[in-house]
2 protein chains.
Amino acid sequence: MKRIVIIGSGNLAEALARAVAVSDLEAVQVFARNPERGPVVARLAGCGWTSDPERLDPTADLYLIAVSDRAVASVASTLPIPAQAAVAHTAGSVPLEAIPERFERRAVFYPMQTFTKGRTVDFTRIPIFLETSSAAWRPELEALARKLSRKVIWTDSAQRAKVHLAAVFACNFANCMYAIGEEVVRSAGLDFEVLKPLIAETAAKACDARSPRDVQTGPAVRNDAPTMERHLGLLDNAPNLQEIYQQISKEIWKTSRKQ
Amino acid sequence: MKRIVIIGSGNLAEALARAVAVSDLEAVQVFARNPERGPVVARLAGCGWTSDPERLDPTADLYLIAVSDRAVASVASTLPIPAQAAVAHTAGSVPLEAIPERFERRAVFYPMQTFTKGRTVDFTRIPIFLETSSAAWRPELEALARKLSRKVIWTDSAQRAKVHLAAVFACNFANCMYAIGEEVVRSAGLDFEVLKPLIAETAAKACDARSPRDVQTGPAVRNDAPTMERHLGLLDNAPNLQEIYQQISKEIWKTSRKQ
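What you see is a predicted model; the values in this text were computed from it and never measured.

## Section: the sheet that holds strand β1 (residues 3-7) of chain B
Residue and element names in this part refer to chain B. With mixed pairing, 8 strands are arranged side by side in an open sheet as β3-β2-β1-β4-β5-β6-β7-β8. Looking at which strands have only one partner, the edges of the open sheet turn out to be β3 (48-50) and β8 (152-154). Across the sheet, the mean angle from the axis of one strand to that of its neighbour is 25 degrees, orientation sign disregarded.

## A closer look at the relation of the copies chain A and chain B
Both copies of the chain are tied together by a single rotation about an axis and a shift running along it. Least-squares fitting of chain A to chain B yields an RMSD of 0.0 Å, with the superposition described by an axial translation of 0.0 Å and a rotation of 180 degrees. Viewed as a symmetry operation, the transformation between the two copies matches a two-fold axis. Minimal C-alpha distance to the rotation axis in chain A is attained by A174(A), lying at 2.3 Å. When the interface residues of chain A are mapped onto chain B, 100% of them again lie at the interface, so the same face is used by both copies.

## Section: the domain arrangement of chain A
Residues and elements named next belong to chain A. Domain boundaries in chain A define domain 1 (3-155), domain 2 (157-215) and domain 3 (216-259). For domain 1 versus domain 2, the separation of C-alpha centres amounts to 28 Å. On the domain 2 side, the residues contacting the 16 residues of domain 1 number 8 residues. Between domain 1 and domain 2 the total buried area reaches about 870 Å² when both faces are included, carbon and sulfur atoms providing 60% of it. On the surface where domain 1 and domain 2 come into contact, there are 1 salt bridge. Where R160 meets E131, a salt bridge forms, and the shortest distance between an N and an O atom there is 2.5 Å. One can count 5 residue pairs in polar contact (both at pLDDT 80 or more) joining domain 1 with domain 2. Listing elements by their share of the side of domain 1 that touches domain 2, those giving two or more residues are β6 (105-111) and β7 (128-132). Residue classes in the side of domain 1 that touches domain 2 are distributed as 9 nonpolar, 4 polar and 3 charged.

Rules and cut-offs
Residues numbered from 1 in each chain as written. Chains lettered and ligands numbered in written order. Predicted model: local features only at pLDDT ≥ 70, side-chain atom pairs only at ≥ 80, totals over all residues. Heavy atoms only, no water. Pairing = 2+ DSSP bridges. Helix = DSSP H or I, 4+ residues; strand = E, 2+ residues; numbered from the N terminus. Axes fitted to C-alpha atoms, helices over the stretch in contact; angles between N-to-C directions. Least-squares fit on C-alpha atoms with pLDDT ≥ 70 in both. Contact = heavy atoms within 4.5 Å. Domains from an automatic or database assignment. Buried area = accessible area lost by both parts, 1.4 Å probe. Salt bridge = Lys/Arg side-chain N within 4 Å of Asp/Glu carboxyl O. Polar contact = N/O pair within 3.5 Å; in protein donor to acceptor, adjacent residues only side chain to side chain. Nonpolar A, V, L, I, M, F, W, Y, C, P; charged D, E, K, R; others polar.

As structure tokens, then:
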């Protein structure tokens, strides 16, 4: 089981193309509507591209759907391939059932990472969360996933939904904190550049820790009320940021006291 | 101007000791009450330690107060050193005026980074925010700071207060997002380890970007209401996290629309 069709041409499809190209797996085709991105992803994967359902290669070992979460179900339901085909989607927040039951081998293949066009990540370190309704297929699917990553984890849809939620906090919301930080330094006439060493070290420190709670610093964990009051004063013209400041400070203090 | 007394023995004092030891500056003494930490920091700085105010070396070029924000004023006001001494504190959120006026040369010397015991950071990349009431002293103070870091920035107390607030978001609050992420993956029977590649890449990506807003991903920036609803459902037993989820999602969506 090694011949793969990548469906989609977004950030994740591109990352998969790069990862497959340097693995023991073989990309046989990229199937994507976008006439600009499709060929780019195909080139990275080292295979051909088509946007024509009639030209979709029906002989692949696995059809890997890497489209936006909302498009998974409609793409999966219109795939012009035989029921014996193995089909997986890559969306963290989408249940296995988004793939039609007519396929004998359905799977979720969720690589938890934030993907960006033009940016290469080390796929071998990315946890891949697997789920399938076909017990007999598990060993083969796991072997395939292990050709892309050293970290393969079986989860059901309920667990994976939580993993996806955790990723929203650790990635999307952390990035929003950087963005608010940028907004605040700009209001002092400085630019985002000054925050970069701090952002890099904060992430590195948490990743070296047993738990991020062990390395929590700042006024909230010390319950330094005067500093927090001054900070809220600085946010007087941004009530939404005041709200966020207070909620997160409360959370930090509450969880720190439990230790 | 190169002979420095480091006052304090916490995380920042330790980082300063390490940085001074590998610079052209000379640590002449560590002055700290803590009989365990004081000698440790002194050893890193390559100098002696005292906790006895009567033994504090009165001949140093600069007394660098690296104690907790709340202790700065009381430590500064009780320093048994002559008024000709140059005194600086290192606290981002504390105004210059926390150092008594009797000192002719008062300064703030705020290295913006998150410091941890036992952890070496590259001090030369850390922005140091300087402020002094003595215009004549500026060139000398800046030259000293440049022996520790390539990034030296003059700010007044109002600007620095904003820089400190930005650091709370980009560091303390980002770390809290990691911690909430950990809590959520634990509730799925997984451990913090699975989030580490995502955390590292999120920070790296933001640092490579012009602005973190340019690389914002996730359901909020797509206004993917069904996914956000499912996420809120998963947080049913944690109303505080629901609140944080909603506030930050609102902020992400609001700022993304402005682009």
